[in-house]
Protein chains: 2
Amino acid sequence: MATPTRNRILETTAELFRKQGYNGTGIKQIVDQARTPFGSLYHHFPGGKTQLAAEVVRTAGAMYALLLPAVFDPAPDLATGAREFFRLAGEHLEESNWLDACPIATVALEVASVNEPLREATQDVFDLWIAAGTQYLSERGLAEPVARRLTIGMICALEGAFILARAGRSLEPLQIAGDLVSAQFAAEPARL
Amino acid sequence: MATPTRNRILETTAELFRKQGYNGTGIKQIVDQARTPFGSLYHHFPGGKTQLAAEVVRTAGAMYALLLPAVFDPAPDLATGAREFFRLAGEHLEESNWLDACPIATVALEVASVNEPLREATQDVFDLWIAAGTQYLSERGLAEPVARRLTIGMICALEGAFILARAGRSLEPLQIAGDLVSAQFAAEPARL
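Residues numbered from 1 in each chain as written. Chains lettered and ligands numbered in written order. Predicted model: local features only at pLDDT ≥ 70, side-chain atom pairs only at ≥ 80, totals over all residues.

Caption draft 1: Up close: the overall build of chain A. Looking only at helices and strands, one finds 10 helices and zero strands in chain A. Overall, chain A shows an N-to-C arrangement of helices and strands of α-α-α-α-α-α-α-α-α-α. Computed over its C-alpha atoms, the radius of gyration of chain A comes to 18 Å, within 12% of the 16 Å expected for a compact globule of 192 residues. Taking as baseline every contact in chain A between residues at least 6 positions apart, the subset at least 24 positions apart corresponds to 65%. (Helix = DSSP H or I, 4+ residues; strand = E, 2+ residues; numbered from the N terminus. Rg over C-alpha atoms; globule rule 2.2 N^0.38 Å. Contact = placed C-beta atoms within 7 Å.)

Caption draft 2: Just the relation of the copies chain B and chain A, in detail. Note on the identical chains: chain B maps onto chain A by a rotation of 180° and an axial translation of 0.0 Å, with an RMSD of 0.0 Å. Within this description, the copies of the chain are treated as partners about a two-fold rotation axis. Both copies present the same face, since 100% of the interface residues in chain B are matched by interface residues at the equivalent positions in chain A. (Least-squares fit on C-alpha atoms with pLDDT ≥ 70 in both.)

Caption draft 3: Layout of the packing of helix 9 (residues 144-168) of chain A against helix 10 (residues 172-186) of chain A. All names here are of chain A. Closest axis-to-axis distance for the helix 9/helix 10 pair is 8 Å, and the angle between their directions is 170°. What the angle tells us is that helix 9 and helix 10 run roughly antiparallel. Facing Leu-150, Gly-153, Met-154, Ala-157, Leu-158, Gly-160, Ala-161, Leu-164 and Ala-165 of helix 9, the residues of helix 10 in contact are Pro-173, Leu-174, Ala-177, Leu-180, Val-181, Gln-184 and Phe-185. Class assignment for the residues of the contact of helix 9 with helix 10 results in 13 nonpolar, three polar and no charged. (Axes fitted to C-alpha atoms, helices over the stretch in contact; angles between N-to-C directions. Parallel < 35°, antiparallel > 145°, perpendicular 65-115°, else oblique. Nonpolar A, V, L, I, M, F, W, Y, C, P; charged D, E, K, R; others polar.)

Caption draft 4: Region of the structure containing unusual backbone geometry. In the Ramachandran plot, Trp98(A) falls in the positive-phi region, its phi being about 65° despite a non-glycine side chain. Mapping Trp98(A) onto the fold places it in the loop between helix 6 (78-95) and helix 7 (105-111). Exposure remark for Trp98(A): the 19 C-beta atoms within 10 Å place this residue in the partly exposed category. With a phi angle near 50°, Arg169(B) is a residue other than glycine that sits in the positive phi range. Here Arg169(B) shows up in the loop between helix 9 (144-168) and helix 10 (172-186). (Buried ≥ 20, exposed ≤ 12 C-beta atoms within 10 Å, placed from the backbone.)

Caption draft 5: Seen up close, the domain arrangement of chain A. Residues and elements named next belong to chain A. Domains assigned within chain A are domain 1 (4-53) and domain 2 (62-186). Contact with domain 1, which involves nine residues of that partner, is made by 11 residues of domain 2. Contributing elements (two or more residues each) for the side of domain 1 that touches domain 2: helix 1 (4-20) and helix 4 (48-64). Top element by residues in the side of domain 1 that touches domain 2 is helix 1. It accounts for four residues. Looking at side-chain class alone, the side of domain 1 that touches domain 2 contains four nonpolar, three polar and two charged residues. (Domains from an automatic or database assignment.)

Caption draft 6: Quick peek at the interface of chain B and chain A. The partner chain A presents 41 residues to the 41 residues of chain B that form the contact. Of all elements in the fold, only helix 1 (4-20), helix 7 (105-111), helix 8 (116-139), helix 9 and helix 10 of chain B reach the threshold of two or more residues within the side of chain B that touches chain A. Class assignment of the residues belonging to the side of chain B that touches chain A gives a composition of 22 nonpolar, 12 polar and seven charged.

Caption draft 7: Looking closely at the confidence of the model for chain A. Across chain A, pLDDT averages 94, with 98% of residues at or above 70. Interface predicted TM-score (ipTM) for the complex: 0.95; the corresponding pTM is 0.96. (pLDDT = per-residue confidence, 0-100.)

Caption draft 8: The packing of helix 1 of chain B against helix 4 (residues 48-64) of chain B, seen in detail. All names here are of chain B. Interaxial distance between helix 1 and helix 4 falls to 9 Å at its minimum, and their mutual angle equals 85°. Between helix 1 and helix 4, the angle falls in the class roughly perpendicular. Along its contact with helix 1, which presents Ile-9, Leu-10, Thr-13, Ala-14 and Phe-17, the element helix 4 presents Leu-52, Glu-55, Val-56, Thr-59 and Ala-60. When grouped by side-chain class, the residues that make up the contact of helix 1 with helix 4 number seven nonpolar, two polar and one charged.

Caption draft 9: Region of the structure containing the environment of Leu88(B). By the element assignment, Leu88(B) lies in helix 6 (residues 78-95). Distance in space between the C-alpha atoms of Leu88(B) and Leu174(B) is 9.6 Å, their sequence separation being 86 residues.

Caption draft 10: Representation of helix 1 of chain B. Residues and elements named next belong to chain B. Taking 1.5 Å per residue as the helical rise, helix 1 with its 17 residues ought to reach 24 Å, and the 24 Å between its terminal C-alpha atoms agrees with that figure. Considered for burial, the residues of helix 1 that qualify are Ile-9, Leu-10, Thr-12, Thr-13, Ala-14, Leu-16, Phe-17, Arg-18 and Gln-20. Trailing helix 1 by a residue or two, Gly-21 shows a phi angle of about 80°, which is positive. (Expected span 1.5 Å × (residues − 1).)

So, in structure tokens, the structure goes:
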């Protein structure tokens, strides 16, 4: 059940994951920053840190799935939408002092080989993004296999560019990845 | 100074970082797995875990810089080399049970906002890869700005594809990212 306390714990944890990942974030830091007692965290998340993390990943993932239509809808064509998607991601990243990129990616790499329930949560989010992007781009006129391929290529390029951009405090990787993906969109003829 | 013990500590730590990242890897696990006493680790790395991690990142990074020419040299053209690069990365990842992707990326995301010496080490590695790739592709006939752009695009796509491939236990992201980058190479006319 969604309550203010439960939501505050989820939002605080998502923020800490973006900054420092799963293993770098302790339960004590979460309850301190969310201004809630330990007991409240375990009341809302009886499975402890793994359950909380899985819910953070799924909740943030569902929110981020809404960004693609929000950015692509006003764009005159998909190639422009793709370039704008990377430009806005870069703008937001720089404004957050290179902190606020993707709340899923760090956790995904940390847990992929060592925490199966959390790995499945990150897999579910990527699958959701791929399905949502494929459906959206199909509705904008791409054949479904092409829509799927471009969605996956765009997510890969974006996630990788976030790594280089945060490491190097530079927008260049996002600009280059955005150009690369945009060119790929421009090369695909829409059916409509 | 390189000694067998020092090298064993570096190699063990690199392996643990690939599997579980920086924060998930404890000093005790490193010395246990490297079969060396605590004192030996601090003898070789007086700066402790941060110094050790920075050296692991730089050492592994320098080794990985050699992979680009090793894969591209035998390829008849750069588009084929790029596709082969992603294919071999996927083959290796699957053989390692989705564990052995990049020893830098997880650490890079974990430390980007919270550990400045380690962030700099990851930045230096990415800069090294970009410089080495730019030089290699220039020698293979691309104009330098194009060579730089394709190198950065390739690293972004590869790092992002590793995240999705490990999360989803699937080669599809590496195949799609490889096709995307390969198409980009095919679209760039060589000067030579």
